[in-house]
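# Topology and contacts: notes
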Amino acid sequence: MTDSVFKEYEKLEVRTKAGLVRKMGLWVENRTQPDTHFKYETREPVGGNPVREVSIYAFKEHQTRVYGSPVHLDDRETFICSEIDTAKKQPKANQAKLKRAAQNLKDFLVTRESKP
């Protein structure tokens with residue numbers, strides 16, 4: 001989880017956090033989940049030459065969505081939570097949040113690669 005997502009996540013109700021953790025645990029176990037719990041949302045460009053794209057997925061619990069993407073870190077598949085929407089009011093994903101999720105993921109990976 002990026003720092004900004006973690007700060008917002010910490011403010012959530014215990015019940016919402018527990019539901020998200022349960023669904024993330026199912027992802028870790030590579031278990032199938034319905035779209036109402038975990039859903040592919042879109043592919044977003046993150047720059048580069050040629051342009052690279054990342055797939056953005058959402059974990060869903062009540063009116064909260066945690067957006068991010070699986071990446072390969074330290075020899076394992078890891079889901080990086082790069083954006084959170086705690087005030088989801090409509091079924092369709094907020095396009096600005098999806099773009100921000102992709103940009104935050106890129107920033108997270110660039111920062112991580114630059115650390116010794």
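Refer to the structure presented above.
Read on for a plain summary of the structure. (Residues numbered from 1 in each chain as written. Predicted model: local features only at pLDDT ≥ 70, side-chain atom pairs only at ≥ 80, totals over all residues. Heavy atoms only, no water.)

This brings us to the overall build of the protein. Counting its secondary structure elements, the protein contains three helices and four strands. Taken from the N to the C terminus, the helices and strands of the protein come in the order α-α-β-β-β-β-α. Against the compact-globule benchmark of 13 Å for 116 residues, the protein has a radius of gyration of 14 Å, which places it among compact chains. Along the first, second and third principal axes, the C-alpha set of the protein runs to 40 × 30 × 30 Å. When burial is assessed residue by residue, the protein has 40% of its 116 residues classed as buried. Here the analysis covers contacts within the protein between residues at least 6 apart in sequence; of these, 41% occur between residues at least 24 apart. By element, 50% of the accessible surface of the protein is carried by carbon and sulfur atoms, the whole surface being about 7500 Å². Positive and negative side-chain charges of the protein, numbering 22 and 17 respectively, have mean locations separated by a distance of 4 Å. (Helix = DSSP H or I, 4+ residues; strand = E, 2+ residues; numbered from the N terminus. Rg over C-alpha atoms; globule rule 2.2 N^0.38 Å. Buried < 20%, exposed > 50% of the residue type's maximum accessible area, 1.4 Å probe, protein only. Contact = heavy atoms within 4.5 Å. Areas by Shrake-Rupley, 256 points an atom, 1.4 Å probe, with all protein chains shown as cover. Lys, Arg positive; Asp, Glu negative; His and termini not counted. Charge placed at Lys NZ, Arg CZ, Asp CG, Glu CD.)

Let's shift gears to the nonpolar core. A general trend in soluble globular proteins is that nonpolar side chains are found buried together. Counting 14 residues, the largest nonpolar core has Val 54, Ile 56, Tyr 67, Val 71 and Leu 105 as its most contacted members. Counting residues per element, this core draws most heavily on helix α3 (residues 95-114), at five residues. Look past the residues within four positions of Val 54 in its chain and what remains in contact with it is Thr 42, Arg 43, Glu 44, Val 46, Ser 69, Ala 102 and Leu 105. Formed by eleven residues, the second largest nonpolar core is a distinct cluster that contains Val 5, Met 24, Phe 38 and Phe 59. (Core = buried A, V, L, I, M, F, W, Y, C linked by side-chain atoms within 4.5 Å.)

Turning to the pairing of strand β3 (residues 64-73), a few remarks are in order. It is a general feature of regular strands that their side chains alternate between the two faces of the sheet. By the criterion of burial, β3 is predominantly enclosed, with eight of the ten residues buried. Examined bridge by bridge, strand β2 (residues 52-61) and β3 share five bridges and lie antiparallel to one another. In the sheet register, Tyr 57 faces β3, and the bridge partner there is Gly 68. Hairpin connection, β2 to β3: the antiparallel pair is bridged by two residues, and His 62 has positive phi, about 50°. Note: β3 against strand β4 (residues 76-85), nine bridges, orientation antiparallel. Residue pairing in the sheet places Val 71 in a bridge with Thr 78 of β4. In this antiparallel pair of consecutive strands, β3 and β4, the connection spans two residues, and Asp 74 shows a positive phi of 50°. (Pairing = 2+ DSSP bridges.)

The strand order β1-β2-β3-β4 describes an open sheet built from four strands, whose pairing is antiparallel. Among the strands making up the open sheet, the edge pair consists of β1 (38-47) and β4. In this sheet, neighbouring strand axes are inclined to one another by 35° on average, regardless of whether the strands run parallel or antiparallel. Taken strand by strand, helix α2 (residues 14-28) contacts β1, β2, β3 and β4, and its axis lies near 130° from that of β2. (Axes fitted to C-alpha atoms, helices over the stretch in contact; angles between N-to-C directions.)

What follows is about the side chain of Thr 16. Note on placement: Thr 16 falls in helix α2. For Thr 16, the contacting residues outside a window of four places in its chain are Glu 61, His 62 and Thr 64.

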